[in-house]
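Tertiary structure, described
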Amino acid sequence: MGSRKAWAAAAALLGALPLLFDSVLSVGILNQMLIAVLFALSYNTLLGQGGLLSFGHAVYFGLGGYVAAHALRLTELGSIGMPLVLLPLAGAAGGLLAALLLGSVSTRRGGTAFTMISLGLGELLAAAALILVAFFGGEAGISGDRTAGPALLGVNFARETQVYYHAAVWVFLGALCLAAFRQTPAGRLAMAVRDNPLRAQCLGYSAARVRLLCFLVAGTFAGLAGALFAIHNEIITSQALGTANAGQVLLMCFLGGTGYFLGPVLGAVLLTLCSALLSDYTTLSTLYLGLLFVGCVMFLPEGLGGLLVQLHARWRHGRLGSLARPLARCALPTAALLLSGVLLLELAAREGEVLHVAGLALQAANVWSWLGLAGFGAVASLLLRRELPALQAAWQQTGAAHISQGRP
Amino acid sequence: MADALLFATLNGLVTGLLLFMLASGVTLIFSMMGVLNFAHASFYMLGAYFAFSLSQHLGFWPALLLAPLLTGVLGALVERYGLRQVHRHGAVAELVFTFGLAFLIEELVQLFWGRATQDFRVPALLDFPLFTLFGQDFPAWRAFMLLLSLGIFAGLYAGLTRTRYGLILRAAITHPQTVANLGHNVPRIFMLAFGVGTALAGLAGVIAGPVLGTWPGMAASLGSLVFVIVVIGGLGSLTGAFVAALLIGLLQSWAIASSVGMADVLALLGVSFPPDHPLRDLWRLTLPQVAPLLPYVLLVLMLLLRPAGLAGNRED
Amino acid sequence: MSLLRLEQVSKQFGRTRVLHAVDLAIEPGECHAIIGPNGAGKSTLFHLISGLLRPDSGQIAFEGKPIHGLPSEQIARRGIARSFQISQLFTRLSVFENLRCALLWPMGYGCSLRHLLGREKALNARADALLDELGLQALRDVPAGELAYAAQRALELGLAIAGDARLILLDEPVAGMSHSEAAQALALIRRVTAERTLLLVEHDMSVVFELADRITVLARGEVIATDTPARIRTNARVQEVYLGTGAGGQSDA
């Protein structure tokens, strides 16, 4: 079976990654990536599979994390002796419990109503977290020492790679479960309810019940991811369950493509990499991510994953060649346009500093720097406008050919 | 006690009307295009920032006029070149687009104006206490806010019910296809309505900026509250949004002014808890403390008891 | 005992009276057609029976037990399936997946988390058999949203007949089809609904008179007559309100 090979390859990759990137810093980034992947997969169970757009999914991630952090702290204090490898289960249980409590209120209706309730509950929990200091720890959050628990087979999780492999096993299992959920009757019915709740009801399925089930699964695995987050950072604060974190996971799913199981994985990996690497070079990394997000929603509704699938389909039918020429003609003006946009923004962000690019010294105080960049961008966009129709036409054409070939 | 109640009520009214200025735009846009505009409060923020920058060059009063106009034009452009493009990808994509836009506007505001609170002040002309009661001042600016927002509603109401444009707009809300068949340019009507809605938000920003603070978080601080109002009022109902906005404005203001806490309730019941009780935070809660939570609690209660909202009849 | 019995069922929307004191009895095994001019309340009647709307007053009983006021999924589970006038499909799922989803409840899977669909041989075999029956085998893996109109209607019918429903409601199954398509659809309906009880709303009179054992005429929310096709043709009141002067007209009013 093909999918079995794919899972084996994924496991091998997970095992090999820290050997290839073995600095403490890169293992830390890999760890963040793993957590983001599971969180995004759980979120896409709601969004892509169940058609439920939530702005409060971070609540379940955060609560799972808090449960795990409390367990860590209690273990450190010696009140309980919970081995670290079981903490994710506690987090998952926390996520499930929270989803059960809040989901029974919020999944009665789908669509916009669900979205609004998820936002309201998210804000409520985030605000409550600042008030209920005993559980949420106020501004300082809850912290614990992951090495305090009983060591298993001599592994005490003092080293970053040990934490990585621990997380990798859990994320792999979680992804496996979520993939399997798509193949179960309940998981498939979630897609059916997403497409047409009225029809699902007239076939004997309660749309609210199916939505709740989907919600519970998503909440459980978000809690699991949250626990891994708490273990990795050894601290969790109320930021983890805020709307900013919820927005982040939405961005990951849209970037990667909500229509594919692997879409969120792609989005999570890319976004974690971007935020980790971009912040070294610019203070505007969040602005760029926002631009990327909006651009993605506008021009790539199926996400990067959708783009890759489309490209793959064209490649399989040997039609990628006819795209190469128009693509090449668009590449230069696109790159120039992006460059001028980035430089304009950077210039705006650095008052008083001098920006050295290709032998030119750009300065915010100098009008000619602005005008020159704007002119450069304008020329690039004019060129792009001239070349773009050819690319669009070629794209349509190759796509149509592939469809007619696929359907006799 | 009476003085505190009076001032709390007046302040609550001001906040409520301000919230309705935003909620009315969201409601208008939602009933027309079926899009909940998450970025609406961001236009409110832009209004405040535009007014701040303009007032430094032109003085406050021209800015009061120009900033909302600028915001409205920007809103119309966003509809024309952003939302209309995304519309083809479905409702979820539209919602997500406006969410991304809100994020983006906040980042841009930080880029151009920085993270600090701007020194946007009430114009000298209105910077005096209007009346003093029980030793407390009521600023003239708040009275101006109250009057201006009431004036705007009167104008909006008259415009929607009495003018030709208002008539076409109301028809386009419920029957866009029919209106298009009658030869009206529905996309342009949508664009205009979006522009008017965002201009209103901008105006709200101009008058709120000097009192509530002009800072990058001002959109987020009001944004979700506006949504709570729209949902409590019943998605798509202007009257419902009006009632809900006043309700929430008053409720929060009263809660902040009060000094009642759980401790008082417990004392009344004769119950006491040890100070190191695990739920100690719950027993020590005071009403001013939970004031920011009240709207959300109200939202959840509403959805449990009356899912369609105060005046809603929409089912989805 | 009648399979389905409506007694004095009324429904109003605001001040508009849509159905008024409707009595109707569907006998096991028959094909019963409901006809009437536009706005007669036919679709509302279907919504009431299938639980999408609740009657203001009156009773609806299926196999002797009251079903009015039950949510639509409960009614479906008791054995009433329906099709829609405007196709209601799972647009992003394939044709095969659509049918498989329709089979999950009747075959006892429900919202199970324990089964993996790929391993359930009996389920998949039955969905494939249904595909053959509907003539949709060639379109097996096409998303339902991308189907041509006639194929969408065939799938819509397929979703209604997939389970073992004892009563099937068909809402204008051939509306919007060309003559040849309608003839094909008619043959399909005959084939897949043999031995089952059928309640049908249809504007195309040729279809109605060919399929129906009995016909109920509805006008302005009231039942005017219930009788055999032959006697409906000659019923004076029916001709007056519905068929105009010439009996047996081919098109709708």
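Residues numbered from 1 in each chain as written. Chains lettered and ligands numbered in written order. Predicted model: local features only at pLDDT ≥ 70, side-chain atom pairs only at ≥ 80, totals over all residues. Heavy atoms only, no water.

Looking now at the overall build of chain C. Secondary structure assignment for chain C yields 9 helices and 10 strands. Computed over the C-alpha atoms, the radius of gyration of chain C is 19 Å, within 12% of the 18 Å expected from 2.2 N^0.38 for a compact globule of 253 residues. Dimensions along the principal axes, computed over C-alpha positions, put chain C at roughly 60 × 40 × 35 Å. Per-residue burial for chain C yields a buried fraction of 54% across its 253 residues. Excluding contacts between residues fewer than 6 apart, the proportion of contacts in chain C whose partners are at least 24 apart in sequence is 65%. Carbon together with sulfur atoms contributes 48% to the accessible area of chain C, which is approximately 11,100 Å² in total. Between the mean site of the 27 positive side-chain charges and the mean site of the 28 negative ones, chain C shows a separation of 6 Å. (Helix = DSSP H or I, 4+ residues; strand = E, 2+ residues; numbered from the N terminus. Rg over C-alpha atoms; globule rule 2.2 N^0.38 Å. Buried < 20%, exposed > 50% of the residue type's maximum accessible area, 1.4 Å probe, protein only. Contact = heavy atoms within 4.5 Å. Areas by Shrake-Rupley, 256 points an atom, 1.4 Å probe, with all protein chains shown as cover. Lys, Arg positive; Asp, Glu negative; His and termini not counted. Charge placed at Lys NZ, Arg CZ, Asp CG, Glu CD.)

Below, the discussion takes up the packing of helix H3 (residues 58-77) of chain A against helix H10 (residues 207-233) of chain A. Residue and element names in this part refer to chain A. Taken N-terminus to C-terminus, the directions of H3 and H10 make an angle of 45°; their axes are 6 Å apart at the nearest point. As summarised for this structure, H3 and H10 are arranged oblique, according to the angle between their axes. For H3 against H10, the interelement crossing comes out right-handed. For the pair formed by H3 and H10, the contact residues are Tyr 60, Phe 61, Gly 64, Gly 65, Ala 68, Ala 69 and Leu 72 on the first element and Phe 215, Gly 219, Ala 222, Gly 223, Ala 225, Gly 226, Ala 227, Phe 229, Ala 230 and Ile 231 on the second. Classifying every residue of the contact of H3 with H10 by side-chain character gives 12 nonpolar, 5 polar and no charged. (Axes fitted to C-alpha atoms, helices over the stretch in contact; angles between N-to-C directions. Parallel < 35°, antiparallel > 145°, perpendicular 65-115°, else oblique. Left-handed = near helix turned anticlockwise from the far one by under 90°. Nonpolar A, V, L, I, M, F, W, Y, C, P; charged D, E, K, R; others polar.)

Close reading of the predicted structure is inappropriate where its pLDDT is low. Residues and elements named next belong to chain C. Summarising the model, chain C shows a mean pLDDT of 89, and 95% of its residues fall at 70 or more. The least confident element of chain C is helix H9 (residues 236-243), whose mean pLDDT is 76; the most confident is helix H3 (residues 95-104), at 95. Interface predicted TM-score (ipTM) for the complex: 0.90; the corresponding pTM is 0.89. (pLDDT = per-residue confidence, 0-100.)

One non-glycine residue, Glu 234 of chain A, adopts positive backbone phi at about 60°. Along the chain, Glu 234 of chain A falls in the loop between H10 and strand E2 (235-236). With a phi angle near 45°, Ala 21 of chain C is a residue other than glycine that sits in the positive phi range. Turning to its location among the elements, Ala 21 of chain C is positioned in strand E2 (residues 16-26). Of the residues examined, Ala 21 of chain C reaches a relative accessible area of 24% and is grouped as partly exposed.

Overall, the coordinates contain 19 salt bridges over all chains when judged by the stated rule. The closest approach of N and O atoms between Arg 231 of chain C and Asp 227 of chain C, which form a salt bridge, is 3.6 Å. (Salt bridge = Lys/Arg side-chain N within 4 Å of Asp/Glu carboxyl O.)

In this section: the interface of chain B and chain A. On the side of chain A, 42 residues touch chain B, which itself brings 43 residues to the contact. On the surface where chain B and chain A come into contact, there are 0 salt bridges. In this structure, the connection of chain B to chain A is made through 4 residue pairs in polar contact (both at pLDDT 80 or more). At the level of elements, helix H3 (60-87), helix H4 (91-113), helix H9 (218-233), helix H12 (280-284), helix H13 (287-290) and helix H14 (294-305) of chain B are the ones that each hand at least two residues to the side of chain B that touches chain A. Counting residues per element, the side of chain B that touches chain A draws most heavily on H4 of chain B, which supplies 14 residues. Across the side of chain B that touches chain A, the residue classes tally to 32 nonpolar, 6 polar and 5 charged. (Polar contact = N/O pair within 3.5 Å; in protein donor to acceptor, adjacent residues only side chain to side chain.)

Below, the discussion takes up the packing of aromatic side chains. For the coordinates displayed, the defined rule picks out 26 aromatic pairs over all chains. With a centroid separation of 4.9 Å and an interplanar angle of 85°, the aromatic rings of Tyr 66 of chain A and Phe 136 of chain A are classed as edge-to-face. Placement of Tyr 66 of chain A in helix H3 and of Phe 136 of chain A in helix H6 (residues 133-136) is noted, with a sequence separation of 70 residues between them. The pair formed by Tyr 66 of chain A and Phe 136 of chain A is uniform in burial state, with each residue classed as buried. The interplanar angle of 35° and the centroid separation of 5.0 Å between the aromatic rings of Trp 141 of chain B and Phe 144 of chain B together place this pair among those described as tilted. Remark: Phe 144 of chain B and Trp 141 of chain B occur in helix H5 (residues 140-162); sequence separation between them is 3 residues, near one turn of the helix. The rings of Phe 52, Phe 60, Trp 61, Phe 120, Trp 141 and Phe 144 of chain B are connected pair by pair, giving a single aromatic cluster. In this structure, Arg 140 of chain C packs its charged tip against the face of Phe 96 of chain C, placed 3.9 Å from the ring centre. The ring of Phe 209 of chain C is capped by Arg 233 of chain C, whose NZ or CZ atom sits 4.1 Å from the centre of that ring. (Phe/Tyr/Trp six-rings, centres within 6.5 Å; stacked < 30°, edge-to-face > 60°. Lys NZ or Arg CZ within 6 Å of the ring centre and 35° of its normal.)

Right, let's talk about the nonpolar core for a bit. If you look at the biggest cluster of nonpolar residues, it comprises 261 residues, and the most contacted ones within it are Leu 250 of chain A, Leu 36, Tyr 44 and Phe 97 of chain B together with Ile 215 of chain C. Ile 215 of chain C has contacts with His 32, Ala 33, Ile 35, Val 208, Phe 209, Ala 225, Thr 226, Asp 227, Pro 229 and Ile 232 of chain C, leaving out every residue within four places of it along the chain. The next biggest cluster of nonpolar side chains, apart from the first, holds 25 residues, and it includes Leu 19, Phe 46, Leu 169 and Val 201 of chain C. (Core = buried A, V, L, I, M, F, W, Y, C linked by side-chain atoms within 4.5 Å.)

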